[in-house]
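What follows is the residue order along each chain.
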Amino acid sequence: MLVLGLETSCDETGLALFDSEKGLLGQVLHSQIALHAEYGGVVPELASRDHVRKMIPLLETLLSQTQTKKSDLDAIAFTRGPGLMGALMTGALFGRTLAFALDIPAIGVHHMEGHLLAPLLSEAPPEFPFVALLVSGGHSQLMAAYGIGQYELLGESIDDAAGEAFDKVAKMMNLPYPGGPNVAKLAESGDPQAFNLPRPMLHQGLDFSFSGMKTAVLNQYKKIEGQGRDADLAASFQEAMVDTLVKKCVRALKQTGLKRLVIAGGVSANQALRTRLQEELKRIAAKVYYAEPALCTDNGAMIAFAGWQRLKAGQHDELAVTTTPRWPMTELDIPRQE
Ligand code: ATP
Ligand code: MG
Ligand code: FE
């Protein structure tokens, strides 16, 4: 089955073709970073309009790159939520309409289920059940995943998301958006022990809090501004973040008795986090799984793949176009057969 995946939940237009026999055939991505740069954040209306502009040219590119015709498509998966309403509508309308014209099924996919399942596209994919750490620009959650659609929330951030904290720290240090990769790069040349930053809620349960950590970085930054110690502060912040995430992951594994950890979402691309998890999980005979960096941040491949997981069980949407800007992952249904 050949599935076209469309991702338009925020500021990336991502399209991909997933073949159930051959795997991922190809993907294209257009990021709107430059478009929103002068406003200091994503402007929803500009995002929607740009998705509309890019969708058809990107589809043409994808089809020619993979030497595929529209008529080869068997199904279309698009992001139904969560995300920006207008941005979601563009992908949902485009996907639903194209599927109608081609007389093939369409399915609306949960963006975070897409992130969660992306590591299953790797060469040695994890098997269910596993603990999932979802860390992206808008979410920080620990889930127990028992199968497709069978997700139990173990803990989540009570304030900022992990990626959001990276982005805000980058902004205060005058690093370009998206902050994560830039903070991580700067941190490479810094001393992670230089500043002792707080690690809120470290010894307490499976919830996270990153807002205090971010404020502590701001206070520290004001003291050292212009002293050439930015790399030390970036490294110390990343260390506090990694400490917290790793500790909670280990606690979640112990609590559930599970031995597999899947990390997903943009922050899961962070090399310091990956390295530390590998070391720490070895101690408790557990294993960490993640996607290749390009599949950690938003992309069409994860949507095509998550869509296929449901399509192969016979699930698909009706003709009405539905978007769900707020959509807890724990409300997803379980496909009848897997
Ligand atoms: P959501 O998926 O919650 O709706 P989103 O789609 O904006 O939010 P993603 O695309 O999954 O989020 O990830 C983007 C986030 O990941 C940004 O906050 C970015 O700073 C962060 N990020 C990307 N690479 C890294 C990295 N190497 N280290 C830390 N953070 C990173
Ligand atoms: Mg984005
Ligand atoms: Fe995302």
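Rules used throughout
Residues numbered from 1 in each chain as written. Chains lettered and ligands numbered in written order. Predicted model: local features only at pLDDT ≥ 70, side-chain atom pairs only at ≥ 80, totals over all residues. Heavy atoms only, no water. Donors = N, O, S within 2.8 Å, 3.2 Å for Na, K, Ca; no water. Helix = DSSP H or I, 4+ residues; strand = E, 2+ residues; numbered from the N terminus. Buried < 20%, exposed > 50% of the residue type's maximum accessible area, 1.4 Å probe, protein only. Pairing = 2+ DSSP bridges. Axes fitted to C-alpha atoms, helices over the stretch in contact; angles between N-to-C directions. Contact = heavy atoms within 4.5 Å. Domains from an automatic or database assignment. Buried area = accessible area lost by both parts, 1.4 Å probe. Polar contact = N/O pair within 3.5 Å; in protein donor to acceptor, adjacent residues only side chain to side chain. Nonpolar A, V, L, I, M, F, W, Y, C, P; charged D, E, K, R; others polar. Parallel < 35°, antiparallel > 145°, perpendicular 65-115°, else oblique. Left-handed = near helix turned anticlockwise from the far one by under 90°.

Let us now look at the coordination of the iron ion (ligand 3). Protein coordination of the iron ion (ligand 3) is provided by His-111 (NE2), His-115 (NE2) and Asp-298 (OD), with donor distances spanning 2.1 Å. Each donor residue of the iron ion (ligand 3) lies on the same chain, and together they follow the pattern H-x3-H-x182-D. Of this pair, His-115 sits in helix H4 (residues 111-117) while Asp-298 sits in the loop between strand S10 (287-290) and helix H10 (300-311), placing them 183 residues apart in sequence. With respect to burial, His-115 and Asp-298 carry one shared label: buried.

Reading across the sheet, the 5 strands line up as S3-S2-S1-S4-S5 and stay open at both edges, with mixed pairing between neighbours. Lying at the two open borders of the sheet, with one neighbouring strand each, are strand S3 (23-31) and strand S5 (106-110). Looking at each pair of strands side by side, their axes are set apart by 20 degrees on average, direction ignored. Here 5 bridges tie strand S4 (residues 75-81) to S5, and the two strands are oriented parallel to one another. Paired with Thr-79 across the two strands is Val-109, which belongs to S5. Where helix H2 (residues 44-65) meets the sheet, it contacts strand S1 (2-7), strand S2 (12-19) and S3, and its direction lies at approximately 30 degrees from that of S2. Its contacts with the sheet place H10 against S1, S2, S3, S4 and S5, and it is angled at close to 130 degrees to S1.

The subject of this paragraph is the sheet that holds strand S8 (residues 150-156). Pairing in this open sheet of 5 strands is mixed, and the strands run S8-S7-S6-S9-S10 from one edge to the other. Sheet topology places S8 and S10 at the edges, where each strand pairs with a single neighbour. In this sheet, adjacent strand axes meet at a mean angle of 25 degrees when their direction is disregarded. Pairing between strand S6 (residues 130-135) and strand S7 (residues 140-147): 6 bridges, direction antiparallel. Bridging across to S7, Leu-134 finds its partner in Gln-141. The strands that helix H8 (residues 230-256) touches are S6, S7, S8 and strand S9 (260-264); relative to S6, the one it contacts most, it runs at about 155 degrees.

So, on to the coordination of the magnesium ion (ligand 2). Around the magnesium ion (ligand 2), the donor atoms from the protein are Asp-11 (OD) and Glu-12 (OE), and they sit 2.2 to 2.4 Å away. The exposure class of Asp-11 is buried, given its relative accessible area of 5%. The exposure class assigned to Glu-12 is buried, which follows from its relative accessible area of 14%.

So, on to the domain arrangement of the chain. Split into domains, the chain comes out as domain 1 (2-117 + 295-331) and domain 2 (127-290). Using C-alpha coordinates to define each centre, domain 1 is positioned 27 Å away from domain 2. Contacts between the two partners involve 15 residues from domain 1, matched on the other side by 22 residues from domain 2. Of the roughly 1,500 Å² buried at the junction of domain 1 and domain 2 (both faces included), carbon and sulfur atoms supply 74%. Per-residue buried area on domain 1 facing domain 2 is highest for Met-112, Leu-116 and Cys-296; these three make up 39% of the total on that side. Across the contact surface, domain 1 and domain 2 share 4 residue pairs in polar contact (both at pLDDT 80 or more). When contributions to the side of domain 1 that touches domain 2 are tallied by element, the ones reaching two or more residues are H4 and H10. If one sorts the elements of the side of domain 1 that touches domain 2 by residue count, H4 sits on top with 5 residues. Class assignment for the residues of the side of domain 1 that touches domain 2 results in 7 nonpolar, 5 polar and 3 charged.

What follows is about the packing of helix H7 (residues 211-224) against H8. In the contact formed by H7 and H8, the axes pass within 11 Å of each other and the chain directions differ by 165 degrees. By the angle between their axes, H7 is roughly antiparallel relative to H8. Both H7 and H8 take part in a crossing whose hand is right-handed. Touching Met-213, Val-217, Gln-220, Tyr-221 and Ile-224 of H7 are Asp-230, Leu-233, Phe-237, Ala-240, Met-241 and Thr-244, all from H8. Residue classes in the contact of H7 with H8 are distributed as 8 nonpolar, 2 polar and 1 charged.

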